Amino acid sequence: MEASAYLTVCILMWGMAIFTMKLAGQGLDPMTLAVFNAGGQLLIGVLLFSRASIGFSKHHLLGIAVGVLFVLGNMAFYKLSQTSQVSTLAPLTALHIAVPILLGIILLGEPVTIRKGVGVLFALLALYFLSSSDS
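## Looking at the packing of helix α2 (residues 30-48) against helix α3 (residues 58-81)
Axis separation between α2 and α3 bottoms out at 9 Å; the angle between their running directions is 140°. Classified by the interaxial angle, the pair formed by α2 and α3 is oblique. Judged by the sense of rotation from one axis to the other, the crossing of α2 with α3 is right-handed. In contact with P30, M31, L33, A34 and N37 of α2, α3 contributes V71, N74, M75, Y78 and K79. Of the residues belonging to the contact of α2 with α3, the class tally is seven nonpolar, two polar and one charged.

## Observations regarding the nonpolar core
Listed in full, the six residues of the largest apolar core are M21, L33, A34, F77, Y78 and L89. For this core, the secondary-structure elements that each account for two or more residues are α2 and α3. Among all residues touching F77, those that are not within four sequence positions of it are I18, M21, K22, L89 and T93.

## Looking at the side chain of K22
The residue K22 is located in helix α1 (residues 3-25) in this model. One buried charged side chain, K22, makes no salt bridge at all; its nearest oppositely charged neighbour is D29, positioned 16 Å away. Once you skip the residues sitting within four places of it in the chain, K22 turns out to touch F77, S81, S84 and V86.

About the criteria used
Residues numbered from 1 in each chain as written. Predicted model: local features only at pLDDT ≥ 70, side-chain atom pairs only at ≥ 80, totals over all residues. Heavy atoms only, no water. Axes fitted to C-alpha atoms, helices over the stretch in contact; angles between N-to-C directions. Helix = DSSP H or I, 4+ residues; strand = E, 2+ residues; numbered from the N terminus. Parallel < 35°, antiparallel > 145°, perpendicular 65-115°, else oblique. Left-handed = near helix turned anticlockwise from the far one by under 90°. Contact = heavy atoms within 4.5 Å. Nonpolar A, V, L, I, M, F, W, Y, C, P; charged D, E, K, R; others polar. Core = buried A, V, L, I, M, F, W, Y, C linked by side-chain atoms within 4.5 Å. Buried < 20%, exposed > 50% of the residue type's maximum accessible area, 1.4 Å probe, protein only. Lys, Arg positive; Asp, Glu negative; His and termini not counted. Salt bridge = Lys/Arg side-chain N within 4 Å of Asp/Glu carboxyl O.

Below, the structure written as structure tokens:
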């Protein structure tokens, strides 16, 4: 599959997941949602298990950390979605893009370019306009 197809699937799946989180949060508490979210991830894990590289390295532990971080972030989103509109909440939580950008620059030595800076600025401006009230 081409990179553009993976990007499309990623955007669609994450976007639908955020919308579905809002729907699920209307009837379940954040901890229950987290348990069932983990169940969905476990289901995919079981289906893909035969293709996985099983081991116990630093990278395997980082994979577990990713799951923990996503579950904790999702729990916070579930709580937020009970009191906020998804059309406002989704753009605001999209500010998470700043975290890997900063960590990549600081910890991985990724280059800072004018193009990246302008892109981040436009993304932040878009988030501001998407999340601010129309009045």
